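Take a look at the letters that make up each chain.
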Amino acid sequence: MKPNPGMIVIFGQYKSGTTGLFTKVRNSLPENTRTLFESLTYDPEEGDPFRWVLAKTILKEPGHPEPVNYKSFMRFDRRLLLSRDPRDWLISATLFICQLKESVFNDENTLAWVMDYLYRKEENPRELSVITLLDYILSTPPAITLESFAHRAKMRHAFCIEFQQSLGDAVQPIRYEDFVDGQLSIVENYLEIPLTGDAQVQAAYNHVPRTCSYGNWRDWLTPEDIHFFKPFFDDYIRYQQYDPDWCLHEFPMIQPAHCSGYLRRVVQKKLSCKNV
């Protein structure tokens, strides 16, 4: 390990693997490391020059109601920037939103509709579109349209591209897919520390990971989904050099543990925490 403490910040969109990478790095650092989890700004403390400081912060679209002071994190000497295939991100985000909206997780009828749709999606992946599911979820209070959701994603992608370009060589890009595969030698060389710590997230955040894999969008999406989302995602796909082919699996399969089972688990946790 590098003998002198340093400051590490992880940038990434939500549902891009930032929690897993944060956990991996945190568990590879000394116990006295100061951590900032999704802080909106960095406020220095007196002891920071004498210990490791690890932060992770979310890249958000312009105009977000909870803006991040990204400039405050520029004093960090090591910067990681996570990217993820937006098609996989779409599936994770669709399910994740359910446990963010009380109008979904705390409404029996709404949740029953969503769960039933997921059960049927598992049985016939190609017959039921993601946009039908997402449109229904987004229509619950506070409601936004599917088009607004897609436009926000496109704005966020544009901001992420601009953010990465502005940092140039002063940031180390890392793909979610490489993190999942354990391809971390470039990151270790950049951070000057071995990443030997466990990536298993704490119980408080175990609602965040879903599959810890990638490429599953080819099982989930339908031609209707591709027709709608392709214009919004293609720029980011090309910039991050993801496979531009939107070809779907011929025989799609969706694991219940990554679909209805995941939602059931996170909703149960959400409700139990709410009732404490």
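Residues numbered from 1 in each chain as written. Predicted model: local features only at pLDDT ≥ 70, side-chain atom pairs only at ≥ 80, totals over all residues. Heavy atoms only, no water.

Draft legend 1. The arrangement of helix α10 (residues 223–239) in detail. Taking 1.5 Å as the rise per residue, α10 with 17 residues should run 24 Å; its terminal C-alpha atoms sit 23 Å apart, in good agreement. At Lys 230, α10 shows its largest bend, some 60 degrees, and a proline, Pro 231, comes one to four positions later. Tucked inside the fold, the buried residues of α10 contact β4 (78–83), α2 (86–98), α5 (130–138), α6 (146–167) and α9 (217–220). The first or second residue beyond α10 is Gln 241, which carries a positive phi of 60 degrees. (Helix = DSSP H or I, 4+ residues; strand = E, 2+ residues; numbered from the N terminus. Expected span 1.5 Å × (residues − 1). Bend = angle between axes of the 7 residues up to and from the residue. Contact = heavy atoms within 4.5 Å.)

Draft legend 2. How the structure looks around helix α4 (residues 108–123). Between its terminal C-alpha atoms α4 stretches 23 Å, which fits the 22 Å expected from 16 residues at 1.5 Å a residue. Taken together, the buried positions of α4 are Thr 110, Leu 111, Val 114, Met 115, Tyr 117, Leu 118, Lys 121 and Glu 122. Along the long axis of α4, the arc covered by the buried residues comes to 160 degrees, so they all point the same way. Opposite the packed face of α4, turned more than 90 degrees from it, sit the exposed residues Glu 108, Asn 109 and Glu 123. By the N-cap criterion, in which a side-chain oxygen at the helix start approaches the backbone nitrogen of a residue two or three places on, α4 is capped by Asp 107, the distance to Asn 109 being 3.1 Å. (Buried < 20%, exposed > 50% of the residue type's maximum accessible area, 1.4 Å probe, protein only. Arc of directions from axis to C-beta. Polar contact = N/O pair within 3.5 Å; in protein donor to acceptor, adjacent residues only side chain to side chain.)

Draft legend 3. Region of the structure containing the side chain of Arg 26. Within the secondary structure layout, Arg 26 lies in helix α1 (residues 18–26). Although Arg 26 lies buried, it forms no salt bridge, and the closest oppositely charged side chain, Glu 31, sits 6.9 Å away as judged by the N-O distance. Aside from chain neighbours lying at most four places away, what touches Arg 26 is Glu 31, Thr 33, Thr 35 and Leu 54. (Lys, Arg positive; Asp, Glu negative; His and termini not counted. Salt bridge = Lys/Arg side-chain N within 4 Å of Asp/Glu carboxyl O.)

Draft legend 4. Up close: the nonpolar core. Within the largest apolar cluster, 44 residues are counted, with the highest numbers of intra-cluster contacts made by Leu 221, Phe 229, Phe 233 and Leu 263. Of all the elements in the fold, those that place two or more residues in this core are α2, α3 (102–105), α4, α5, α6, α9, α10 and α11 (260–274). At eight residues, the largest contribution of residues to this core is made by α2. Once residues lying within four places of it in the same chain are set aside, the contact partners of Phe 229 are Leu 90, Ile 131, Leu 134, Leu 146, Phe 149, Ala 150 and Trp 246. (Core = buried A, V, L, I, M, F, W, Y, C linked by side-chain atoms within 4.5 Å.)

Draft legend 5. Region of interest: the confidence of the model for the chain. Summarising the model, the chain shows a mean pLDDT of 93, and 93% of its residues fall at 70 or more. Here residues 204–208 is modelled with pLDDT under 50, and outside its nearest four sequence neighbours on either side it reaches 17 contacts, counting other chains as well. (pLDDT = per-residue confidence, 0-100.)

Draft legend 6. Structural view of the pairing of strand β2 (residues 34–37). Burial along β2 is one-sided: the face carrying Arg 34 and Leu 36 is buried and the face carrying Thr 35 and Phe 37 is not. Where β2 lies against strand β3 (residues 53–58), four bridges are found, and the strand directions are parallel. Within β3, the residue paired with Phe 37 across the bridge is Lys 56. (Pairing = 2+ DSSP bridges.)

Draft legend 7. How the structure looks around the sheet that holds strand β5 (residues 172–175). Pairing within the open sheet is parallel, and its five strands lie in the order β2-β3-β1-β4-β5. Only two strands of the sheet have a single neighbouring strand rather than two, namely β2 and β5. Ignoring strand direction, the axes of neighbouring strands in this sheet form an average angle of 20 degrees. (Axes fitted to C-alpha atoms, helices over the stretch in contact; angles between N-to-C directions.)

Draft legend 8. Inspection of unusual backbone geometry at higher detail. In this chain, Pro 141 is followed by Pro 142 through a cis amide linkage whose omega measures -10 degrees. Its place among the elements puts Pro 142 in the loop between α5 and α6. Despite not being glycine, Glu 192 has its phi angle at roughly 65 degrees, a positive value. Within the secondary structure layout, Glu 192 lies in the loop between α8 (185–191) and α9. The phi angle at Gln 241 is positive, at roughly 60 degrees, despite the residue not being glycine.

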